[in-house]
Amino acid sequence: MTNIYFVRHAQPQYTCADTAVRPLTEEGLRDTAEVVRTMKDIHLDYAISSPYKRSYDTIKQAAEEHGLTIDTDERLRERMNGRDSNNMDMFRRRWADLSFSESDGECLQSVMDRNIAAINDILDSHEGQSIILGTHGTALSTILHYYDNSFGLEGFLRLIDFMPYIVRLGFEGRRCVEKEELLIVKKEFKNGFKR
């Protein structure tokens, strides 16, 4: 079996407008110790991440503790947000129709397609290994939806306040056969979200 440990990043500094370089808050940096603690007794063979700083930095210490360097893959990046995209109406519209997006944003289908393409490449080249993967809330939600289409808006809204969050998916070939949540750290998502 191949195990991928998907790690949703710790709390980021939402005041940084450039999502690619948005750092973790001081609290988020401290919470990366929870990732290290959760992964310390789990054998890891490979580490890969979204190239975005917050995801990379969330798994950095855990990877180092296992003697791993972290590869990055642009396909694992977060959804490109448009203006006024973090509100309940937009969340509902996107999850009701994965091809929908605001005019200056990216649809969930696109996010899912590129993330799954990256995951399939990882599964093919690291069969039988244990992998830690740094990811994002929306990206991870589309991945979970791909393997279980009952995961939708409710699952996404549950996950939105988990930073960091670790879920293990177990695979036989490219088929997901197991799912296990390992870490939930609750932090309020504040990036313009009108609750």
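Quantities reported herein were computed from a predicted structural model and do not represent experimental measurements.

K.L.:
Just to check I follow, could you spell out the sheet that holds strand S3 (residues 70-72) for this structure?
P.N.:
One key point about sheets: their strands pair by backbone hydrogen bonds, in either a parallel or an antiparallel sense. Read across the open sheet, the 6 strands follow the order S3-S2-S4-S1-S5-S6; overall the sheet is mixed. The two strands at the open ends of the sheet, each matched to only one other strand, are S3 and strand S6 (175-186). With direction set aside, neighbouring strand axes in the sheet form an average angle of 20°. The pairing of strand S1 (residues 2-8) with strand S5 (residues 162-172) spans 7 bridges and is classified as antiparallel. Across the sheet, Val 7 pairs through a bridge with Ile 166, a residue of S5. Most of the contacts of helix H4 (residues 108-125) go to S1, to which it runs at about 140°, and overall it touches S1, strand S2 (46-49), strand S4 (130-135) and S5.

K.L.:
Can you help me understand the nonpolar core in this one?
P.N.:
Considering soluble globular proteins, one finds that nonpolar side chains tend to be buried as a cluster. Ile 4 and Phe 6 are the most contacted members of the largest nonpolar core, which totals 32 residues. For this core, the secondary-structure elements that each account for two or more residues are S1, S2, helix H3 (88-96), H4, S4, helix H5 (137-147), helix H6 (153-159) and S5. The element contributing the most residues to this core is H4, with 7 residues. Non-local contacts of Phe 6, meaning those with residues more than four positions away in its chain, are made with Ile 119, Leu 133, Thr 135, Leu 140, Ile 143, Tyr 165, Ile 166, Val 167 and Leu 169. Counting 17 residues, the second largest nonpolar core, distinct from the first, contains Ile 42, Ala 63, Ile 70 and Leu 183.

K.L.:
What am I meant to see in the packing of H4 against H5 here?
P.N.:
For any two helices packed against each other, one specifies the inter-axial angle together with the distance between the axes. Where H4 contacts H5, the two axes come as close as 9 Å, and the packing angle between them is 75°. Here H4 is positioned roughly perpendicular relative to H5, judged by the angle of their axes. Only Thr 138, Ala 139, Thr 142, Ile 143, His 145, Tyr 146 and Tyr 147 of H5 make contact with H4, whose side of the interface consists of Leu 108, Val 111, Met 112, Asn 115, Ile 116, Ile 119, Asn 120 and Leu 123. Each residue belonging to the contact of H4 with H5 can be placed in one class, and the counts come to 10 nonpolar, 5 polar and no charged.

K.L.:
I would appreciate a short explanation of H4 in the present structure.
P.N.:
One turn of an α-helix holds 3.6 residues; hence residues three or four places apart share an orientation. Helix length check: H4 (18 residues) gives 26 Å between terminal C-alpha atoms against 26 Å at 1.5 Å per residue, within 8%. On its buried face, H4 sits against S1, S2, H3, S4, H5 and S5.

K.L.:
Where do I start with the pattern of salt bridges in this structure?
P.N.:
Where charged atoms of side chains with opposite charge meet at close range, the side chains can pair. With the rule as written, the count across this model stands at 19 salt bridges. For the salt bridge of Arg 83 with Asp 104, the shortest nitrogen-to-oxygen distance reads 3.1 Å. Pair noted here: Arg 83 is in the loop between S3 and H3 and Asp 104 is in the loop between H3 and H4, with a separation of 21 residues, a long-range link. Given a relative accessible area of 67%, Arg 83 falls into the exposed group. With relative accessibility at 27%, the residue Asp 104 sits in the partly exposed group. Among the salt bridges present, the one from Arg 114 reaches Glu 106, with a minimum N-O distance of 2.9 Å. In terms of burial, Arg 114 and Glu 106 fall into one category: buried.

K.L.:
I keep staring at helix H1 (residues 26-39) and nothing clicks. Help me out?
P.N.:
Across its 14 residues, H1 extends 21 Å between first and last C-alpha, which sits within 8% of the 20 Å expected from 1.5 Å per residue. Those residues of H1 lying buried are Gly 28, Asp 31, Thr 32, Val 35, Val 36, Thr 38 and Met 39. For H1, the secondary structure elements touched by its buried residues are S1, helix H2 (53-65), S4, S5 and S6.

K.L.:
Quick question: what am I supposed to make of the pairing of S2 here?
P.N.:
Each regular strand carries side chains that alternate between the two faces of the sheet. Neither face of S2 is exposed, since Tyr 46 and Ile 48 on one face and Ala 47 and Ser 49 on the opposite face are all buried. Summarising the sheet, S2 and S4 pair through 4 bridges and their orientation is parallel. The residue of S4 that forms the bridge with Ala 47 is Ile 132. Alignment of S2 against S3, held across 3 bridges, turns out to be parallel. Each residue of the ladder has a partner; that of Ala 47, found in S3, is Ile 70.

K.L.:
Any chance you could explain the side chain of Arg 114 here in plain terms?
P.N.:
With respect to the secondary-structure elements, Arg 114 resides in helix H4. Given the relative accessible area of 11%, Arg 114 is considered buried.

About the cut-offs
Residues numbered from 1 in each chain as written. Predicted model: local features only at pLDDT ≥ 70, side-chain atom pairs only at ≥ 80, totals over all residues. Heavy atoms only, no water. Pairing = 2+ DSSP bridges. Helix = DSSP H or I, 4+ residues; strand = E, 2+ residues; numbered from the N terminus. Axes fitted to C-alpha atoms, helices over the stretch in contact; angles between N-to-C directions. Contact = heavy atoms within 4.5 Å. Core = buried A, V, L, I, M, F, W, Y, C linked by side-chain atoms within 4.5 Å. Buried < 20%, exposed > 50% of the residue type's maximum accessible area, 1.4 Å probe, protein only. Parallel < 35°, antiparallel > 145°, perpendicular 65-115°, else oblique. Nonpolar A, V, L, I, M, F, W, Y, C, P; charged D, E, K, R; others polar. Expected span 1.5 Å × (residues − 1). Salt bridge = Lys/Arg side-chain N within 4 Å of Asp/Glu carboxyl O.

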